[in-house]
Each structure stands twice: as C-alpha cells, then as structure tokens.
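Letter by letter, the chains look like this.
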Amino acid sequence: MSTQFEQLFRLNTLTFHALGDTARQDIILLLDQHKRLSVNEIADKSPLSRPAVSHHLKILRDAGIVSIEKEGTKRYYFLTIEDRIDLLKQLIAEVEEHCIE
C-alpha cells in the first residue's frame, strides 16, 4: 500500500465520520435546499433539538463540510463540501488503482 493511499484514507476519516450519521445527512440536505440556515432554523425544520443540531454542526464544521457566516449576532451555516469531495474522489481513484484487479 502506498503512502499516498494511506494518507488519503486518513484525510477522509473526519468526512466518513461526519457523513455516517443520518441526522448529519439530513442537515446537509437542509443546507443544500436552503443554502444558509441558523441553528434555530435547522432545529425548526428537523426533529432534532437545538443542542443536538449544534453538536452535529460542530462535527460537520470540524470535517470541513460546513462553515459559519456571522451576521451581527446571528451565525449562519452553509455547505463547504467541495474540498471534501475532491479528497473523496482522490481516494476513490487510489482504491480503483490499488484494490480492483
């Protein structure tokens, strides 16, 4: 196994973790649909409590899937998944090269 292959797996660990939860998947889908939402707006549109939404947003933020835009005292979340998708594509290419005969 090449070092690059191993590094790509490690770089995608947070993404795998973040995408592996249906609540976070639902938040991603909401943000895709509405482009930008506050924690309260996400909580209003989902069965999750505000603290649960905040918890999931932190995981998504740590993985680089969402970012925050501050507007006065409000914080709005929006998708920034492009870099993560590029890393996943690189990993898929390595898997195809090394794991598929």
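Refer to the structure presented above.
Our subject in this report is the structure included herewith. Predicted model, so just to flag it, every value in this text is computed and none were measured.

Here is what the cut-offs are and how they apply
- Residues numbered from 1 in each chain as written.
- Predicted model: local features only at pLDDT ≥ 70, side-chain atom pairs only at ≥ 80, totals over all residues.
- Heavy atoms only, no water.
- Helix = DSSP H or I, 4+ residues; strand = E, 2+ residues; numbered from the N terminus.
- Buried < 20%, exposed > 50% of the residue type's maximum accessible area, 1.4 Å probe, protein only.
- Contact = heavy atoms within 4.5 Å.
- Areas by Shrake-Rupley, 256 points an atom, 1.4 Å probe, with all protein chains shown as cover.
- Lys, Arg positive; Asp, Glu negative; His and termini not counted.
- Charge placed at Lys NZ, Arg CZ, Asp CG, Glu CD.
- Phe/Tyr/Trp six-rings, centres within 6.5 Å; stacked < 30°, edge-to-face > 60°.
- Lys NZ or Arg CZ within 6 Å of the ring centre and 35° of its normal.
- Core = buried A, V, L, I, M, F, W, Y, C linked by side-chain atoms within 4.5 Å.

On to the overall build of the protein, then. Of the regular secondary structure elements, the protein holds 6 helices and 2 strands. Secondary structure elements of the protein occur, N-terminal to C-terminal, as α-α-α-α-α-β-β-α. Taken along the three principal axes of its C-alpha coordinates, the protein extends 50 × 25 × 20 Å. Every one of the 101 residues in the protein was classed for burial, and the buried ones make up 33%. Intrachain contacts of the protein at a sequence separation of at least 6 include 55% that bridge at least 24 residues. With the model as given, the accessible surface of the protein reaches about 6,600 Å², and the carbon-plus-sulfur share is 52%. Between the centroid of the 13 positive side chains of the protein and the centroid of its 16 negative side chains there is a distance of 11 Å.

Here the phi dihedral of lysine 35 falls at roughly 75°; this positive angle occurs in a residue that is not glycine. Along the chain, the position of lysine 35 falls in the loop between α3 (22-34) and α4 (39-44).

Once that is clear, we can look at the packing of aromatic side chains. All chains considered together, the criterion is met by 1 aromatic pair. The positively charged end of arginine 36 is found above the aromatic ring belonging to tyrosine 76, 4.0 Å away from the centroid.

Of all hydrophobic cores here, the largest spans 18 residues; its most connected members are Leu31, Ile42, Leu57, Leu60, Ile65 and Val66. For this core, the secondary-structure elements that each account for two or more residues are α3, α4 and α5 (50-62). Filtering out sequence-adjacent residues up to four positions away, isoleucine 42 remains in contact with Ile27, Leu30, Leu31, Leu37, Val53 and Leu57.

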